[in-house]
Amino acid sequence: MALDVSPALSALMSARPAPNDAPDDQPLRVLIVDETALIRAGLKTTLKLLGRSLQVEEAECWERVAARCQEASHLDLILLDEDLLPSWSADDFATLRRRQPELKIVMVSNRESGSSMREALRHGVNGYLSKKVSSRLLTSALQLVLDGGTYVSPDAIFMAESAADLRRAAAPAALHVGQRNELTSRLTARQQEVLAQL
């Protein structure tokens, strides 16, 4: 049985990147949510590569995110550890969207999974990528999201989820190249640029 990637692809293909309208003198307000302090520190350092003024906050649990989003000052971006997703619900994400409609949410993952990626997209995240990516790719993906696009890790899209999918994964590499070319031909120029950096 082939992996159904239509929900992820429709989300990816519907992205219409537009320039970020935030004034250049306004800092980019970011909340990094991860249980591990070392990961938070690494993401904070990588954010500096965006070349923008930053106002970075950190949290290690959903309760802190909920409390922060009730404050008057809005956030521009949340970097969310996928491991916290089981403790979140669709209602939690809907609440964030009601309070801060322009908020961008990017899921960062220790393991890339097609099912996790689809769940994240259903929750309304704007990006899904691996913690293993280079700083350069992470920065490009975040800029794409901040400009109004959606970034989804190609590896998560093609991740096998059943015995049939695993058998399909053993097929000739040319088959996968053909599938990938067919999908990437529908990406915007900016999305193809980010993908080319993999």
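Computed from a predicted model, the values in this text were never measured in an experiment. (Residues numbered from 1 in each chain as written. Predicted model: local features only at pLDDT ≥ 70, side-chain atom pairs only at ≥ 80, totals over all residues. Heavy atoms only, no water.)

A few points about the pattern of salt bridges
- A complete count under the given rule lists seven salt bridges for this structure.
- Between Arg29 and Asp76 there is a salt bridge, and its shortest N-O distance comes to 3.0 Å. With Arg29 in strand S1 (residues 28–33) and Asp76 in the loop between helix H3 (62–69) and strand S3 (77–81), this residue pair connects regions lying 47 residues apart in the sequence.
- For Arg29, a relative accessible area of 25% gives the class partly exposed.
- What makes Asp76 buried here is its relative accessible area of 19%.
- For Glu57, the salt bridge is made with Arg64, and the minimal N-O distance between the two is 3.6 Å.
- The class of Arg64 is partly exposed, set by a relative accessible area of 29%. (Salt bridge = Lys/Arg side-chain N within 4 Å of Asp/Glu carboxyl O. Helix = DSSP H or I, 4+ residues; strand = E, 2+ residues; numbered from the N terminus. Buried < 20%, exposed > 50% of the residue type's maximum accessible area, 1.4 Å probe, protein only.)

Remarks on the pairing of strand S5 (residues 127–130)
- Side-chain alternation along S5 places Gly127 and Leu129 on one buried face and Tyr128 and Ser130 on a second face that is also buried.
- Sheet topology note: the S5/strand S6 (residues 151–152) ladder contains two bridges and is parallel. By the bridge assignment, Tyr128 is partnered in S6 with Val152.
- The parallel pair S5 and S6, bridged by helix H6 (residues 135–146), forms a crossover whose chirality is left-handed. (Pairing = 2+ DSSP bridges. Right-handed = clockwise from strand over helix to strand, strands pointing away.)

Some points on the nonpolar core
- Within the largest apolar cluster, 22 residues are counted, with the highest numbers of intra-cluster contacts made by Val33, Val65, Ile78 and Leu96.
- Put simply, the parts of the chain that give this core at least two residues each are S1, H3, S3, helix H4 (90–99), strand S4 (104–109) and helix H5 (114–122).
- Beyond its immediate stretch of four places on either side in the chain, Val33 contacts Ala59, Cys61, Val65, Ile78, Leu79, Leu80, Asp81 and Leu84.
- Residues Leu28, Val30, Leu137 and Leu146 belong to the second largest nonpolar core, which totals 19 residues. (Core = buried A, V, L, I, M, F, W, Y, C linked by side-chain atoms within 4.5 Å. Contact = heavy atoms within 4.5 Å.)

Note that all results are geometric; they support no functional claim without further evidence.
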